[in-house]
Amino acid sequence: MISSIVSRLSAAFLLCLGLALLFAPEVILGALTPGIPPQANWLGQLLAAAWLGIASLNWMQRSAIIGGIYGRPVVSTNFALYFVSALSMVRVVSTPGTAIGAWILAVPMCAFAVAYGALMFRGPFDPLPTSGA
């Protein structure tokens, strides 16, 4: 089922990001935002905690049917996370001289925003619309 694949991929993505940011915030934040003071590492760890929390939510819901009216809280939580993140990342990567790390974050964030948007507004079983018919 597509929703199970999306949940598993999202859980893995957020787990990797969360663990990396939890244990190496100075390296990751320094690479993404040069000039950030070392005193701001706690912000990265707070973001890591949020990502790890949503990763665990996605992992626990991996075998459930989500989309449409099924699992609406899980889908809307993920959609909000990825949609806001995607909008923020598009703004960041649209500026010249953006670090490659920002692109590495932006592409999956946009893809997951589209996937969870489709699950929210189309549901888990709706076939793709066909042109013609």
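Small disclaimer: the values here were computed from a predicted structure and weren't measured.

Here we come to a nonpolar patch on the surface. Together, Met1, Ile65, Ile69 and Tyr70 make up a nonpolar patch on the protein surface, roughly 440 Å² of accessible area in all. Looking at where methionine 1 falls in the secondary structure, it is placed in the segment before α1 (2-23).

Another aspect to go through is the state of the cysteines. Scanning the entire structure with this criterion turns up zero disulfides. Note on cysteine 16: no disulfide assigned, nearest cysteine sulfur contributed by cysteine 110 at a separation of 19 Å. For cysteine 16, a relative accessible area of 54% translates into the label exposed. Given a relative accessible area of 28%, cysteine 110 falls into the partly exposed group.

A word on helix α5 (residues 100-122). Under the 1.5 Å per step criterion, the end-to-end length of α5 is 33 Å for 23 residues, consistent within 8% with the ideal 33 Å. Where α5 is concerned, the buried positions are Ala102, Leu105, Ala106, Met109, Phe112, Ala113, Tyr116, Gly117, Leu119 and Met120. Tucked into the core, α5 has its buried residues touching α1, α2 (25-32), α3 (41-60) and α4 (72-93). Glycine 123 sits one or two positions beyond α5 and adopts a positive phi of about 95°.

Among the nonpolar cores identified, the biggest contains 27 residues, and Phe13, Leu14, Trp51, Tyr82, Met109 and Tyr116 are the most heavily contacted of them. Mapped onto this core, the elements with two or more residues apiece are α1, α3, α4 and α5. No other element matches α5, which puts nine residues into this core. Excluding anything up to four places from it in sequence, leucine 14 contacts Trp51, Leu52, Ile54, Ala55, Asn58, Leu81 and Tyr82.

Moving on, we get to the packing of α1 against α5. The geometry of a pair of packed helices is captured by two quantities: the angle between their axes and the separation between those axes. Close contact between α1 and α5 brings their axes to 11 Å; oriented N to C, the two are set at 150°. The angle between α1 and α5 places the two elements in the roughly antiparallel class. The way α1 lies across α5 gives a crossing that is left-handed. Of α5, the residues touching α1 (which contributes Ser3, Val6, Ser7, Leu9, Ser10, Phe13 and Leu17) are Leu105, Pro108, Met109, Phe112, Ala115, Tyr116 and Leu119. A breakdown of the residues in the contact of α1 with α5 according to their chemical character gives 11 nonpolar, three polar and no charged.

Right, let's get into the environment of phenylalanine 83. By the element assignment, phenylalanine 83 lies in helix α4. Phenylalanine 83 sits in the partly exposed class, given a relative accessible area of 39%. Spatially, the C-alpha atom of phenylalanine 83 lies 9.5 Å from that of alanine 111, the residues being 28 residues apart in sequence.

Basis of the calculations
- Counting of residues starts from 1 at the beginning of each chain's written sequence and follows it residue by residue.
- Local features are withheld for residues below a pLDDT of 70 in this predicted model, meaning they are given only at 70 or higher, and side-chain atom pairs are given and counted only at 80 or more; totals for whole chains, interfaces and linings count all residues.
- In computing side-chain values, all of the structure's heavy atoms are included and hydrogens and water are not.
- Two joining distances apply to patches: 9 Å for like charges and 5 Å for nonpolar side chains (Val, Leu, Ile, Met, Phe, Trp, Tyr), and every residue must have over 30% relative accessible area and no salt bridge.
- Residue burial considers only the protein chains on display, and all accessible areas are found by Shrake-Rupley using a 1.4 Å probe.
- Each reported salt bridge corresponds to a side-chain nitrogen of Lys or Arg within 4 Å of a carboxyl oxygen of Asp or Glu.
- Helix and strand definitions follow DSSP, with helices as H or I runs of at least four residues and strands as E runs of at least two, each counted in order from the N terminus.
- The disulfide criterion is simple: two cysteine sulfur atoms within 2.5 Å.
- Note on classification: 1.4 Å probe, protein chains only; a residue is buried when its accessible area is under 20% of the maximum for its type, exposed when over 50%, partly exposed between these limits.
- Expected helix span is computed as 1.5 Å times (number of residues minus one).
- The contact rule is simple, with two residues in contact once any of their heavy atoms fall within 4.5 Å.
- Nonpolar cores were defined as sets of buried Ala, Val, Leu, Ile, Met, Phe, Trp, Tyr and Cys residues, with membership established by side-chain atoms within 4.5 Å.
- Axis angles are defined between N-to-C directions and span 0 to 180 degrees, where every axis is a line fitted to C-alpha atoms and, for a helix, only to the segment in contact.
- Convention used here: angles under 35 degrees read as roughly parallel, angles over 145 as roughly antiparallel, angles from 65 to 115 as roughly perpendicular, and any remaining angle as oblique.
- A crossing counts as left-handed when the near helix is turned anticlockwise from the far one by less than a right angle, and as right-handed when that turn is clockwise.
- Residue polarity is assigned by list, with Asp, Glu, Lys and Arg as charged and Ala, Val, Leu, Ile, Met, Phe, Trp, Tyr, Cys and Pro as nonpolar; anything else, Gly included, falls into the polar class.

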